[in-house]
Amino acid sequence: MSEILIKNAYVIDPISGVNGETMDIAIRDGRIVEDVGGGAEVIDARGALTLPGGIDSHTHICGTKVNFGRYMSPEDMRAGRTARHGYMHATSGYSVPTTYGNSYRYSRMGYTTLLEGAMAPLEARHTHEEFLYTPLQDTMANALFDGNWSILEAIRDGDTKRVAAIIGWFLTAVKGFAVKLTNPGGTEAWGWGKDVTCIHNPVPNFEVSPSEIITAVVKANEMLRLPHSVHLHCNNLGKPGNYTCTMGTLGLIPDLNKKRQTLYATHVQFHSYGGSGWSDFCSKSEPVANVVNMRPQIVIDMGQVMFGKTTTMTADGPMEFNLYRLHHDKWSNHDVELETGSGIIPVLYRRKNLVNAVMWAIGLELGLLVKDPWQCIMATDNPNGAPFVRYPEVIALLMSKKYRDEEFATVHPDTESRVPLPAIEREMDWYEIAVMTRAAQAKALGIVDIGKGHLGVGAEADVAIYPVRADEVDPAVDYRKVIEAFGKTEYTIKRGRVVSRRGECLVDGNNTTIWVKPKISEEYNMANDPDFIAKFDRYYTVRMSNYPVQDEYLKRNLCIETEAEL
Amino acid sequence: MMRVSLAVRPRKKPTIPIEAETITPASFLEGAEIQVWRGNRELPLDEVFAVTIEGAADRPEDVEIVLSGDTSRMKRVGEYMDAGRIVIDGDIGMHCGNFMSGGVIEIGGNADGWLGREMQGGTIICRGNAADYCAAGYRGGRKGMTGGTVEIFGNAGDFAAENLAGGTVIIHGNAGDMAGVELHDGTLIIKGDCRRPCGNMSGGVCVIYGIAYDMLPTFRKMGTEIRDGREFLSFTGDIANRGKGNLIVKDCTYQD
Amino acid sequence: MIIKDTVCPFCGCLCDDIEVTVEDGKIVATDNACTLGTSKFLGDHRMKSPIRRVGKEWKEISYDEAIDYTVDMLLDADRPLLYGWSGTHGEAQCVGVHMAELLKGVIDNTSSVCHGPSILAIQEVGHPGCTLGQVKNRADIIIYWGCNPIDAHPRHLSRYTRYANGFFLENSFRDRKVIVVDVRKSQTTNLADEFVQIKPGCDYAVLSALRAIVRGKGDDLPRTVGGVQREQLFRIVDLCKKAKFGAVYFGLGLTMTAGKYKNIRNAIELVDELNRHTKFTISAMRGHYNVYGSNEVNTWMTGYPFGIDFSRGIAFYNPGETTAVDILARKECDACLIVASDPAAHFPRPCIEHLAEIPVVQIDPYANATTAFCDVQIPVGITGIDAAGTAYRMDGVPIRTKKVLETAYPSDEEILGSVYARIQEVRQP
């Protein structure tokens, strides 16, 4: 039995309804409890800001695509190199760090749970292997279904139950956590070097449109009663004028779930562009935020861009090729048979580049214009908008108009005529930041019930203590202190153990992989479906029996079983 | 003026490389103990060299370092050097003058690979031969050398001035295969012969006073020009790559 | 007993449809496997126990003694080299990386002598690739360049290209065109719809010419390039541009000939250029069944795919300097641990001479050419036969190999784990 008592913590815990109370937190055997005995290890927080452990609900940290980003970027690896010391292994890399680099840096920022945003089912084993070397955070993965042939065929045939059954089989087989659609239909079209232009544009050879894919998969997701909603990367990412497509997409979504949103739209910054080309490129954050404000069934994440070098990587193959044609730097692409695609290119976002400056503004505008912080999550689509180590700056920008104005003064002078940002006065408070960096993530992912994202009795003892007195510092003025505090915790506690102290990681760690298993009736069990099996055998290059991720790849893990309506 | 003499002491395992990026004029000014690495062991400088320091200086410009003995396995000497002078009597190991931005390195013998990698300024003179990747870039990087001068009096190995993006590289002898490959900007001058120069060149200038063997077929002949009283052929390319580089050769052969 | 869907641990195709018949604790037959795979499954004459060289004799020793020797050797070294790795599973490779990191040694895998140049090229310009099934189901044009799959990857043609029907190609043999580019005729060239014979050492020039043609600049080219008529090059480009989906596969004929990685870079940039017109992909024909896995493991753990030097604590990467052939030829290492490869059979003479001068331990199931240069050899189970673990196919698809035999041999992972644990006791108490 191990016990910790955190004394004098200035706690903000939105899910438990705590907003700035100085209190003690008792921990026993990895869980928050009412109280502990006299022998407990005492941590005196001295009034420092204490939050539930941070959760990133959309990041790219593990798997084939991420590793290819590393593989092709020895120049990126030259930054951020540290030697092995204590319990910490060597690390390398800035925008695509090694697994240990990711884990240590997230831990030092108080993050304890991470969702890998895009896992190709065929290559799921790879993601799970890397999870094992991401020791200080619990991990889970979105499985990609945007171009899955068997699903496209079931949608074409109007058989939503079959769609759900297939998703259930794949999710269970690959130990995935949620359903991801990346440029639905577009990744299949990219198999021919083509793309879909918007939600009503048909997918070649499959007679379905993105809107049909989205609506069917959203319904199927709810039939499976999955903890998370469909996680959508809309069509047309990064193209001027794409906001109409984004609004059309959000308009498709009914309100089907009482506990959480029905759709999680990711990195919406990249989907809120106006203009007919790059010359009249402008922000359309206002109409997009308005749609979100009117539709409680939608949750978005910002996809904030920060100036500097990074690596972009997504399952959206055609988008990356377009980006390559703009930048003419190196380009990687990796199509995955029967399922999805992916692309990678390095980019440099420059302040003095008008398009980049507008992108930077749009992310912040979404954060500030979406009224309810539970509906807009802070993220950079790491590393696409910026590496996650830039989160403290994003937080400070949301909290300080002064900081925004100072930054705005350094960007391309024409930015002002393209974006509403300078006129937005809103400054977020500590509570709203706590929502946008952990509580909203836990709720959106549907993991509050398993003890994530809050500090109520029974919760997982994942705690971040930041070296800042939230009751004394005015974040709107002292934004430097905000950046410093969120950059390095005083303590990061994971499952009741201090894993990181002032930036130094103290244990080797042993994370938990969270995955879902919908319970499906025999009638809808795809493992017995002759057509599914026949097509699998004929078109995949891996045998169906070798396809599922074996138990050997899950060391510590938590399976969430759901009662599917099938 | 400070003169630092470093004479290599006999070594039990003479082929294990020594990494000595600490040997720069600036580090001798600081007076701190200088460490070098033999494989995975860190050693004080005087365990590897007999160190003699004469005179004093208060700026790196006034420091001269002279290395003598078998320095062929000393890597990274003069890395990040910004001023002063390093004289190497004999051969020098890999990565001499990496990232150098100022000052002079003079090598009496041969230089091993990656001489002046990603150099930004200053001068490197090598009296002997330079091995592969002389004045080149790093793996995966877009830019190699961006400024300064590298002058080789002997021959250069393969991939000399790869990714050259600024500055001047002069090779008095022959260069190996693919000199000036991916050349972006700057000037490469080869007094002798070479093979397959300037593949994928996008800009900059390369002049070859000898024969360019196996010229690539994707350079467009623009005419002739007179240099030092002799007629040269002038090409632009690489047209495989939308290139606008200027390749000038005395004579050439093709792989037809 | 017949075990279905077994994974073949021979080449980078990593075929996972092999039927293995096991009788009396031995594999007696295989079905679906090619001759290379079959010979591996049916392999015999395994080394019985660890051996140590004493004078001119070999002496059998216990696993504990062999591990002791290995630990002492590695701890004493100023610059230990940990080489091989492509013939074992990922889990063992992970232990190897941790070991190199703690020892401050150099870890390199066999890609430095096969597709290392391909990796260097990818690091310069990226890699437009795809999984093998994407090619099987879609590609109407295949280009094999500098490789002979019939010899080296015998089922590549039947599973993925020439003879493999796919979703969009009901009659592959008829609907797919196969172009082979090579310096000489081979069994593979006989199957080609078009054979482009180029002069040795001219790949780069031919690739540059093709790029220029795709860009519409072909008229500036000479009449022949590298032994190929300009008309044939125009015809090839025309076929490529008209294709719906093209796939280029290249082998050591491109990576290991003059220019090396620049050849691959040029080929990749040709494919980039073709993508402006249609869909095209390019991929390396990786040799050892898990060489790609060792690249993957090294990359997520250190940031680099091969040739990683931990001497200074941090990871440093510079192929040509930190790669096994270069280190051995320059006599830079003072001890060597060899795992799941056979460098003495492939490395240049100066490298082998240095191996003879320094302490060497090899972890391998069989006596091989390298055994003659070892001080100790430790036999282990064979991944995919009597040990299970992860392997990455040439296209990056990870597959779990099976354990089909029960033997007393420890796995690579177990032996390395013991060595690592002992090193940790000393270096990280």
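Residues numbered from 1 in each chain as written. Chains lettered and ligands numbered in written order. Predicted model: local features only at pLDDT ≥ 70, side-chain atom pairs only at ≥ 80, totals over all residues. Heavy atoms only, no water.

- The name recorded for chain C in an unreviewed UniProt entry is Formylmethanofuran dehydrogenase subunit B, from Methanoculleus frigidifontis.

- In the annotation of an unreviewed UniProt entry, chain A is listed under the name Formylmethanofuran dehydrogenase subunit A and assigned to Methanoculleus frigidifontis.

1. Section: the overall build of chain A
At step 1: Of regular secondary structure, chain A possesses 17 helices and 24 strands.
At step 2: Computed over its C-alpha atoms, the radius of gyration of chain A comes to 22 Å, within 12% of the 24 Å expected for a compact globule of 566 residues.
At step 3: Dimensions of chain A, computed from C-alpha atoms along their principal axes, come out at roughly 65 × 60 × 45 Å.
At step 4: By the burial criterion, 70% of the 566 residues in chain A qualify as buried.
At step 5: For chain A, the proportion of contacts with a sequence separation of at least 24, taken over those separated by at least 6, is 77%.
At step 6: Surface summary for chain A: the accessible area is close to 17200 Å², and the carbon and sulfur share equals 49%.
At step 7: Measuring between centres, the 58 positive side-chain charges of chain A sit 3 Å from its 70 negative side-chain charges. (Helix = DSSP H or I, 4+ residues; strand = E, 2+ residues; numbered from the N terminus. Rg over C-alpha atoms; globule rule 2.2 N^0.38 Å. Buried < 20%, exposed > 50% of the residue type's maximum accessible area, 1.4 Å probe, protein only. Contact = heavy atoms within 4.5 Å. Areas by Shrake-Rupley, 256 points an atom, 1.4 Å probe, with all protein chains shown as cover. Lys, Arg positive; Asp, Glu negative; His and termini not counted. Charge placed at Lys NZ, Arg CZ, Asp CG, Glu CD.)

2. Re the environment of B:Asp251
All names here are of chain B.
At step 1: Relative to the elements of secondary structure, Asp-251 occurs in strand E18 (residues 245-254).
At step 2: The partly exposed category is assigned to Asp-251, whose relative accessible area is 41%.
At step 3: When the C-alpha atoms of Asp-251 and Ala-212 are compared, they prove to be 6.2 Å apart, with 39 residues separating the residues in sequence.
At step 4: The residues touching Asp-251, leaving out its near neighbours within four places in the chain, are Gly-210, Ile-211 and Ala-212.

3. Examining the domain arrangement of chain C
Residues and elements named next belong to chain C.
At step 1: Along its sequence, chain C is carved into domain 1 (47-112 + 289-427) and domain 2 (116-284).
At step 2: Domain 1 and domain 2 are separated by 34 Å when their C-alpha centres are compared.
At step 3: Taken together, the contacts link eleven residues of domain 1 with 13 residues of domain 2.
At step 4: A combined buried area of about 860 Å² lies between domain 1 and domain 2, and 65% of that area is made up of carbon and sulfur atoms.
At step 5: The interface formed by domain 1 and domain 2 includes zero salt bridges.
At step 6: Counting the contacts that link domain 1 with domain 2 gives three residue pairs in polar contact (both at pLDDT 80 or more).
At step 7: Residues that form the side of domain 1 that touches domain 2 fall into these classes: six nonpolar, three polar and two charged. (Domains from an automatic or database assignment. Buried area = accessible area lost by both parts, 1.4 Å probe. Salt bridge = Lys/Arg side-chain N within 4 Å of Asp/Glu carboxyl O. Polar contact = N/O pair within 3.5 Å; in protein donor to acceptor, adjacent residues only side chain to side chain. Nonpolar A, V, L, I, M, F, W, Y, C, P; charged D, E, K, R; others polar.)

4. As for empty space enclosed by the protein
In this approach the atoms are scanned with a rolling probe the size of a water molecule, which exposes any empty space left behind.
At step 1: Using the criterion set out here, one finds 14 cavities of 30 Å³ or more in the structure.
At step 2: Put simply, the largest cavity is a space of about 270 Å³.
At step 3: Together, 27 residues line the largest cavity, and A:Phe68, A:His334, C:His127, C:Tyr292 and C:Met394 are the ones closest to its centre.
At step 4: Of all the secondary-structure elements, those providing two or more residues to the lining of the largest cavity are helix H1 (64-71), strand E16 (332-335) and strand E17 (343-349) of chain A together with helix H4 (116-125), strand E8 (128-130), strand E15 (279-284) and helix H14 (291-302) of chain C.
At step 5: If you tally residues by element for the lining of the largest cavity, the top one is H1(A), at four residues.
At step 6: Tallied by class, the residues present in the lining of the largest cavity amount to eleven nonpolar, twelve polar and four charged.
At step 7: Looking at which domains feed residues into the lining of the largest cavity, each of domain 1 (47-112 + 289-427) and domain 2 (116-284) of chain C supplies at least three.
At step 8: Size it by volume and the second largest cavity reaches roughly 130 Å³.
At step 9: Lining the second largest cavity are 18 residues; nearest its centre among them are A:Thr64, A:Lys65, A:Ala118, A:Ala120 and A:Glu123.
At step 10: Residue assignment for the lining of the second largest cavity shows that the elements contributing at least two residues are H1, strand E7 (111-119) and helix H4 (124-132) of chain A.
At step 11: In terms of residue count, H1(A) provides more of the lining of the second largest cavity than any other element does, three residues in total.
At step 12: Partitioning the lining of the second largest cavity into residue classes produces nine nonpolar, seven polar and two charged. (1 Å grid on protein atoms, 1.4 Å probe; cavity = no way out; pocket = protein on both sides within 12 Å on 5 of 7 lines; lining within 4 Å. Points joined across faces, edges and corners; volume = space filled by probe spheres on them.)

5. Some words on the interface of chain A and chain C
At step 1: Taken together, the contact pairs 59 residues of chain A with 68 residues of chain C.
At step 2: Three residues stand out in chain A for area buried against chain C, namely A:Tyr71, A:Arg84 and A:Trp192, and they jointly supply 15% of the buried area on that side.
At step 3: Along the contact surface separating chain A from chain C lie five salt bridges.
At step 4: With a closest N to O distance of 2.7 Å, A:Glu188 and C:Arg138 form a salt bridge.
At step 5: Inspection of the chain A/chain C interface yields 44 residue pairs in polar contact (both at pLDDT 80 or more).

6. Remarks on the sheet that holds strand E2 (residues 18-23) of chain C
All names here are of chain C.
At step 1: Pairing is antiparallel across the open sheet formed by three strands, whose spatial order is E1-E2-E3. Sheet topology places strand E1 (2-6) and strand E3 (26-31) at the edges, where each strand pairs with a single neighbour. On average, each strand axis in the sheet is inclined to that of its neighbour by 30°, with strand direction left out of account.
At step 2: Where E2 and E3 come together, five bridges link them in antiparallel fashion. Along E3, the bridge assignment pairs Val-20 with Thr-30. (Pairing = 2+ DSSP bridges. Axes fitted to C-alpha atoms, helices over the stretch in contact; angles between N-to-C directions.)

7. A closer look at the nonpolar core
Here is a general trend for soluble globular proteins: nonpolar side chains tend to be buried in one another's company.
At step 1: Core analysis: the biggest nonpolar cluster contains 176 residues, and B:Ile23, B:Ile107, B:Leu115, B:Leu188, C:Met99, C:Trp145 and C:Leu337 have the highest contact counts within it.
At step 2: Sort the elements by how many residues they give to this core and helix H10 (residues 203-214) of chain C lands first, with nine residues.
At step 3: Lining this core are residues from two domains, each supplying at least three of them: domain 1 (47-112 + 289-427) and domain 2 (116-284) of chain C.
At step 4: Among residues more than four places away in sequence, those in contact with C:Trp145 are C:Val181, C:Ile198, C:Asp203, C:Val206, C:Leu207, C:Leu210, C:Tyr249, C:Phe250, C:Gly251 and C:Leu254.
At step 5: In terms of nonpolar packing, the next biggest core, distinct from the first, is built from 162 residues, A:Met223, A:Ile253, A:Met306 and A:Leu566 among them. (Core = buried A, V, L, I, M, F, W, Y, C linked by side-chain atoms within 4.5 Å.)

8. Quick look at the packing of helix H12 (residues 354-369) of chain A against helix H14 (residues 401-408) of chain A
All names here are of chain A.
At step 1: At a closest axis distance of 12 Å, the pairing of H12 and H14 adopts a crossing angle of 165°. When the axes of H12 and H14 are compared, the pair comes out roughly antiparallel. The way H12 lies across H14 gives a crossing that is left-handed. Contacts from Trp-360, Leu-364 and Leu-368 of H12 reach H14 at Arg-404, Glu-407 and Phe-408. (Parallel < 35°, antiparallel > 145°, perpendicular 65-115°, else oblique. Left-handed = near helix turned anticlockwise from the far one by under 90°.)

9. Description of the layout of surface pockets
Residues and elements named next belong to chain C.
At step 1: Estimated volume of the second largest pocket: approximately 1100 Å³.
At step 2: Lining the second largest pocket we find 37 residues, and of these Phe-10, Gly-287, His-288, Ser-341 and His-346 sit closest to its centre.
At step 3: Mapped by element, the contributors of at least two residues to the lining of the second largest pocket are helix H1 (35-41) and helix H16 (343-346).
At step 4: Looking at side-chain class alone, the lining of the second largest pocket contains 18 nonpolar, 14 polar and five charged residues.
At step 5: When residues are assigned to domains, the lining of the second largest pocket turns out to be shared by domain 1 (47-112 + 289-427) and domain 2 (116-284), each giving three or more.

10. A closer look at the pattern of salt bridges
Residues and elements named next belong to chain A.
At step 1: Summed over all chains, the structure comprises 87 salt bridges over all chains.
At step 2: Here Asp-449 ties to Lys-259 by a salt bridge, and the two come within 2.7 Å at their closest N and O atoms. Here Asp-449 is found in the loop between helix H15 (430-445) and strand E19 (463-466), whereas its partner Lys-259 is found in the loop between helix H9 (243-251) and strand E11 (263-265), with 190 residues between them in sequence. Note on accessibility: Asp-449 and Lys-259 belong to one class, exposed.
At step 3: Here the residues in one salt-bridge network are Arg-31, Asp-138, Lys-452, Glu-460, Asp-462, Lys-494 and Arg-495, joined through shared partners.

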